[in-house]
Amino acid sequence: MSLSTWLLTDTPRSRAQARLGNAFLSATTLLSNRLTLIGLVLVLSMVVAAVFAPWLATQDPLAQSLAERLLPPSTMHLMGTDQLGRDIFSRVIYGSRITLTIVVLVAVIVGPLGLVIGTVAGYLGGAVDTVLMRVTDIFMAFPRLVLALAFAAALGPGIDNAVIAIAITTWPPYARIARAETIVLTGSDFISAIRLIGASKSRILIGHIAPLCISSVVIRLTLDMAGIILIAAGLGFLGLGAQPPAPEWGAMVATGRDYLIDQWWVATMPGIAIFMVSLGFNLLGDGLRDILDPKLR
Amino acid sequence: MTGPLLHIEDLHVDFHSRKGETNAVRGVSWQMGREKLGIVGESGSGKSLSVRALLGLVRPPGEVRARRLELDGVDLRALSARQWQSIRGRRISMVLQDPRYSLNPVMRIGDQIAEAYLAHHDVSHGEAQARALDMLAAVHIRDPERVARAYQHELSGGMGQRAMIAMMLMPEPEILIADEPTSALDISVQTQVLSIIDEMVTSRGMGLIFISHDLQLVASFCDRVLIMYGGRVVEERLAKELPTATHPYTRGLLACLPRLGERRESLAVLERDNAWSREVEAP
Amino acid sequence: MIEILDLHVRFGSVHALRGVSMTIEKGQSYGLVGESGSGKTTVLRALTGLIENWTGHIHFAGEALSHRRTKAFHKAVQMVFQDPYGSLHPRHTVDRILSEPLIIHGFDRIEARILSTLSDVGLGPSFRFRYPHQLSGGQRQRIAIARAIIMEPLVLLLDEPTSALDVSVQAEILNLLKRLQREHGLTFLLVSHNLPVIAHMCTRVSVMNAGLVLEELSSDELHRRRANSAYTQRLLAASEGYHPALVRDLAALAIEEGR
């Protein structure tokens, strides 16, 4: 029996087989969509670049060489050099680490936080719901970039603070989504059934409700990535994220502004990197929505 | 009247998916005139799909093919979208199961019904609204003006279904398809809605295709009955001859129903025979 | 076993149950028949504690019930829902669905119980690791029944258990339920709008309409079509199929009720 037949069988013989089969079906559906595949490739490229940066970068990203300032792209410098003679290609490669760090840290904070607040508010209802939702409203009332700026300015520059600032402004919609899903799910028969079995509230929230809300949160996260990356770039642009000489893409675009007309590559190359990764997450998010939603309905 | 109104020969509906091909309708053939034809089957029998094929409502990955699929001489197999517009609603119309989901929730009832008329007749809005009110009265709604101004969620199930029938009859079609029209309604309302359908169909000389899972209901309401199983028609009978049906599936269906007046310890269970369809598709 | 006295439930301005009373004996199969909106499902919800805003008296096994339910109650009283597609968690395997009640209530020999319950409802061990979307409607309902009986309850509440199933599958499930009742000595409270099903399954029946119990009948009386209230007569007539002669009477009655 081939592997795929074993995975797709209608009568799995163990928990592991059932779970793997499910995952396999999701994966093949995901990959069958060409646009999603492109998105996945773009995102993976960034991950690969970040992980294998020391081997992929052709030169030291911090090495300055005033004799080689502002050189156009060539075989020596694939993306040219910047105003301090540093190789832009290597800086873009190493910059992916910063972007990846920010994106992963924000996702890891925001997803679970929003999920917990949303499911608890949605399931318990009443006063708990009101309090939690008003707190959410307060955070949502501020324009994201402005609030991120305020926090970054108050906490001081640096990547960690940038991550905190972005996370604080990003979590409210996730709580809202999780709460909306929870309210719908609470009315379903399978939740009534588990309540009638005598399950505790925490068991229901963790084992029954949260797993069904995760899809919406994940989809929203992937689609939000582009926004998160741009805010991080925005903070970097304004000098509030990673500090020089760190090769943060937003900061690179900012310094490249001054040379935009004659030495366009200094700002454009990191700009393209930001664009590609944002696009990748968007395409991936769309594809994820297609596979995660129908199963639920 | 003269020849059959609807002529279907060797209809197939197949679905192509990653897991393989599903043959939902497998070589179905039947004809009908201006009569009440009932199609009975369980889920997975293909009854709804075969009728949706008549309206060109089977979309990819579904594929429809037939040797003959004709409405009064018009070949329904290769119509363009434009041509379908002149068939759907105008010549064949369909009433669905639940008016909560088949009526537009953001339009007033009167507007929806008027729209159904305007789609096929070139008259003024005022005229269409007036005809809508007439139609609502024809389906025995006592206060047509109030219902015309109402939205779908303000109506009860029975009223909603009557509004749906009014809407579907506006363009004066030749055939009305009713797909489980009373399944979502309370029992006491079912009879009323059925009598309205009966009256409308008879007075206008229309053909009616009545799809249901309820064999008893169809037998008492229709003139002729088709029984479908596994994508095939397994029996075709006059309604009044149904109790003497011969096919084991039909007999099985009749036998496994609990009935008032018959005390039984356990109900007869349908023994599915693979011979009824070449491969039995799990529902 | 179960005694309900003068039960009232209000949802906002809607008076869903207006003083409902009934008594269900141990081992009995009791039916509640009525149309949508009659309040029959609300009775089940109040009994199980799914809704808490009721007034009146509910007694179970001699003890008065408050608005909360104990774990012991949940072990003794279980429910099977109408929609087989909605009553099982879409992301849990059958194994998880059946083991969870056992884990919560501290049963031993979980695997053995799962296998024996599966076979009790007519499904083999090959079903153990399937997901609900890999099951047919009838199979899902069997799993729902398995989940309800795996804790060895005393009472089974059945909310339209076969209304969403094909007729041939309904026959199998009804036979299964009857057998389980016999073998495990269960008390049934069956709610349905389908008179023949209720008459087949139950020995005593309460007919409900608009939040009230109109009358209580034995299944014999139902089979013989002997009912006192006009409403019950109407339900009996409508369950026979379509008869044009009925239409005139029903039309008059319906206009009265503003349907």
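Keep in mind the model is a prediction, meaning the values are calculated, not measured. (Residues numbered from 1 in each chain as written. Chains lettered and ligands numbered in written order. Predicted model: local features only at pLDDT ≥ 70, side-chain atom pairs only at ≥ 80, totals over all residues.)

### Considerations on the overall build of chain A
- Across its full length, chain A holds 13 helices and zero strands.
- When the elements of chain A are put in sequence order from the N terminus, they spell out α-α-α-α-α-α-α-α-α-α-α-α-α.
- Its C-alpha atoms put chain A at 75 × 55 × 25 Å along the principal axes.
- Expressed as a percentage of the 297 residues in chain A, the buried residues total 41%.
- When contacts within chain A are restricted to residue pairs at least 6 apart in sequence, long-range pairs at least 24 apart make up 69% of them. (Helix = DSSP H or I, 4+ residues; strand = E, 2+ residues; numbered from the N terminus. Buried ≥ 20, exposed ≤ 12 C-beta atoms within 10 Å, placed from the backbone. Contact = placed C-beta atoms within 7 Å.)

### As for the overall build of chain B
- Summing up its helical and strand segments, chain B has 10 helices and 11 strands in all.
- Rg of the C-alpha trace for chain B: 20 Å, near the compact-globule value of 19 Å for 283 residues, within the 12% margin.
- Here the C-alpha coordinates of chain B stretch approximately 60 × 50 × 45 Å along the principal axes.
- Sorting the 283 residues of chain B into buried and exposed places 45% on the buried side.
- In chain B, the share of contacts with a sequence separation of at least 24, taken over all contacts with a separation of at least 6, comes to 66%. (Rg over C-alpha atoms; globule rule 2.2 N^0.38 Å.)

### A closer look at the interface of chain A and chain C
- Contacts between chain A and chain C engage 23 residues on the former and 25 residues on the latter.
- For the side of chain A that touches chain C, the elements supplying multiple residues, two or more each, are α2 (15-32), α10 (189-197), α11 (201-237) and α13 (265-296) of chain A.
- Among the elements that make up the side of chain A that touches chain C, the one with the highest residue count is α10 of chain A (seven residues).
- Residue composition of the side of chain A that touches chain C, by class: 10 nonpolar, seven polar and six charged. (Nonpolar A, V, L, I, M, F, W, Y, C, P; charged D, E, K, R; others polar.)

### Looking at the confidence of the model for chain B
All names here are of chain B.
- With 96% of its residues at a pLDDT of 70 or more, chain B shows a mean pLDDT of 86.
- Low confidence marks residues 279-283, where pLDDT is under 50. Its contacts with residues over four positions away, or in another chain, come to 11 contacts.
- Interface confidence in the predicted complex, given as ipTM, is 0.89; pTM for the same model is 0.85. (pLDDT = per-residue confidence, 0-100.)

### Considering the packing of helix α3 (residues 94-104) of chain C against helix α4 (residues 110-120) of chain C
Residues and elements named next belong to chain C.
- Closest axis-to-axis distance for the α3/α4 pair is 10 Å, and the angle between their directions is 120 degrees. Relative to α4, α3 is oriented oblique. The crossing of α3 and α4 is right-handed. Residues Asp-95, Leu-98, Ser-99 and Leu-102 of α3 pack against Ile-110, Arg-113, Ile-114 and Thr-117 of α4. (Axes fitted to C-alpha atoms, helices over the stretch in contact; angles between N-to-C directions. Parallel < 35°, antiparallel > 145°, perpendicular 65-115°, else oblique. Left-handed = near helix turned anticlockwise from the far one by under 90°.)

### Observations regarding the interface of chain B and chain C
- Taken together, the contact pairs 36 residues of chain B with 36 residues of chain C.
- Listed by contribution, the elements that provide at least two residues to the side of chain B that touches chain C are α8 (187-203), α9 (215-221) and α10 (248-255) of chain B.
- It is α8 of chain B that provides the largest number of residues to the side of chain B that touches chain C, a total of eight residues.
- The class makeup of the residues in the side of chain B that touches chain C is 17 nonpolar, 14 polar and five charged.

### A closer look at the environment of Ala-127 of chain A
- Following the sequence through the fold, Ala-127 of chain A ends up in helix α6 (residues 126-141).
- Along the backbone, Ala-127 of chain A and Ile-194 of chain A are 67 residues apart, and their C-alpha atoms lie at a distance of 24 Å.

### Quick notes on the sheet that holds strand β4 (residues 54-60) of chain C
Residue and element names in this part refer to chain C.
- In spatial order, the strands read β2-β1-β4-β5; together these four strands make up an open sheet with antiparallel pairing. The open sheet has two edge strands, β2 (14-24) and β5 (63-64), and neither has a second partner.
- Where β4 and β5 come together, two bridges link them in antiparallel fashion. Opposite His-59, over in β5, you have Ala-64 as the bridge partner. (Pairing = 2+ DSSP bridges.)

### Considerations on the arrangement of the chains
- Here two pairs of chains are in contact, and chains B and C lead that list by number of contacts.
- Structurally, chain A and chain B remain out of contact, their C-alpha atoms never closer than 9 Å.

### Overview of α11 of chain A
- Taking 1.5 Å of rise per residue, 37 residues should cover 54 Å, yet α11 of chain A covers just 46 Å from first to last C-alpha, more than 12% shy of that figure.
- The positive-phi residue at the C-terminal boundary of α11 of chain A is Gly-239 of chain A, with phi of around 85 degrees. (Expected span 1.5 Å × (residues − 1).)

### A look at the packing of helix α5 (residues 137-149) of chain C against helix α6 (residues 167-184) of chain C
Residues and elements named next belong to chain C.
- Contact geometry of α5 with α6 gives a least axis separation of 10 Å together with a crossing angle of 15 degrees. Between α5 and α6, the angle falls in the class roughly parallel. Note that α5 runs across α6; the crossing there is right-handed. On α6, the residues that touch Gly-137, Gly-138, Gln-141, Arg-142, Ile-145 and Ile-149 of α5 are Val-169, Glu-172, Ile-173, Leu-176, Leu-180 and His-184.

### Points about the nonpolar core
- Counting 229 residues, the largest nonpolar core has Ile-166 of chain A together with Ala-163 and Ala-166 of chain B as the members making the most contacts within it.
- Once you skip the residues sitting within four places of it in the chain, Ala-166 of chain B turns out to touch Ile-113, Met-135, Leu-136 and Val-139 of chain B. (Core = buried A, V, L, I, M, F, W, Y, C linked by C-beta atoms within 7 Å.)

### Looking at the pairing of strand β1 (residues 6-17) of chain B
All names here are of chain B.
- Strand direction decides the pairing type here: β1 and strand β2 (residues 20-32), joined by 10 bridges, are antiparallel. Looking at β2, one finds that Leu-11 is bridged to Val-28.
- Between β1 and β2, which follow one another and run antiparallel, lie two residues.
- Pairing analysis gives four bridges linking β1 to strand β5 (residues 68-71), with the strands arranged antiparallel. From the neighbouring strand, Leu-6 faces β5, where its bridge partner is Leu-71.

### As for unusual backbone geometry
- Between Pro-60 of chain B and Pro-61 of chain B the backbone carries a cis peptide bond, its omega angle lying at 10 degrees.
- Tracing the backbone through its elements, the reader meets Pro-61 of chain B in the loop between α1 (47-54) and β4 (62-65).
- In this structure, Asp-10 of chain B is a non-glycine residue whose phi angle is positive, near 55 degrees.
- Along the chain, Asp-10 of chain B falls in strand β1.
- In the Ramachandran plot, Ala-210 of chain C falls in the positive-phi region, its phi being about 50 degrees despite a non-glycine side chain.
- Mapping Ala-210 of chain C onto the fold places it in the loop between β9 (204-209) and β10 (212-218).
- Ala-210 of chain C sits in the partly exposed class, given 16 other C-beta atoms within 10 Å.

### Topic: the sheet that holds strand β10 (residues 224-229) of chain B
Residues and elements named next belong to chain B.
- Taken together, six strands build an open sheet; the order of strands is β7-β8-β9-β3-β10-β11 and the sheet is mixed. What marks the edges here is a single partner per strand, and that holds for β7 (92-95) and β11 (232-238). Pairwise comparison of adjacent strand axes, ignoring direction, gives a mean angle of 20 degrees for this sheet.
- Here four bridges tie β7 to strand β8 (residues 175-179), and the two strands are oriented parallel to one another. Residue pairing for β8: Met-94 is matched across the bridge by Ile-177.

### What to know about α4 of chain C
All names here are of chain C.
- Those residues of α4 lying buried are Ile-114, Thr-117 and Leu-118. Along the axis of α4, the buried residues cluster in a sector spanning 105 degrees; they form a single face. Projecting away from the buried face of α4 at angles above 90 degrees are the exposed residues Ala-112, Ser-116 and Ser-119.
- Next to the buried residues of α4 lie α3 and α5.
- Just past α4, the residue Gly-122 takes up positive phi, approximately 85 degrees. (Arc of directions from axis to C-beta.)

### Some points on the environment of His-125 of chain B
Residues and elements named next belong to chain B.
- Take His-125: it is sitting in helix α5 (residues 125-138).
- Owing to 11 C-beta atoms within 10 Å, His-125 belongs among the exposed residues under this scheme.
- Residues His-125 and Asp-111, 14 residues apart in the sequence, show an inter-C-alpha distance of 9.3 Å.

### Quick look at the environment of Gly-256 of chain A
Residue and element names in this part refer to chain A.
- By the element assignment, Gly-256 lies in helix α12 (residues 249-256).
- Spatially, the C-alpha atom of Gly-256 lies 41 Å from that of Ile-117, the residues being 139 residues apart in sequence.
- Leave out the neighbours within four places in its chain, and Gly-256 touches Asp-82, Val-266 and Ala-267.

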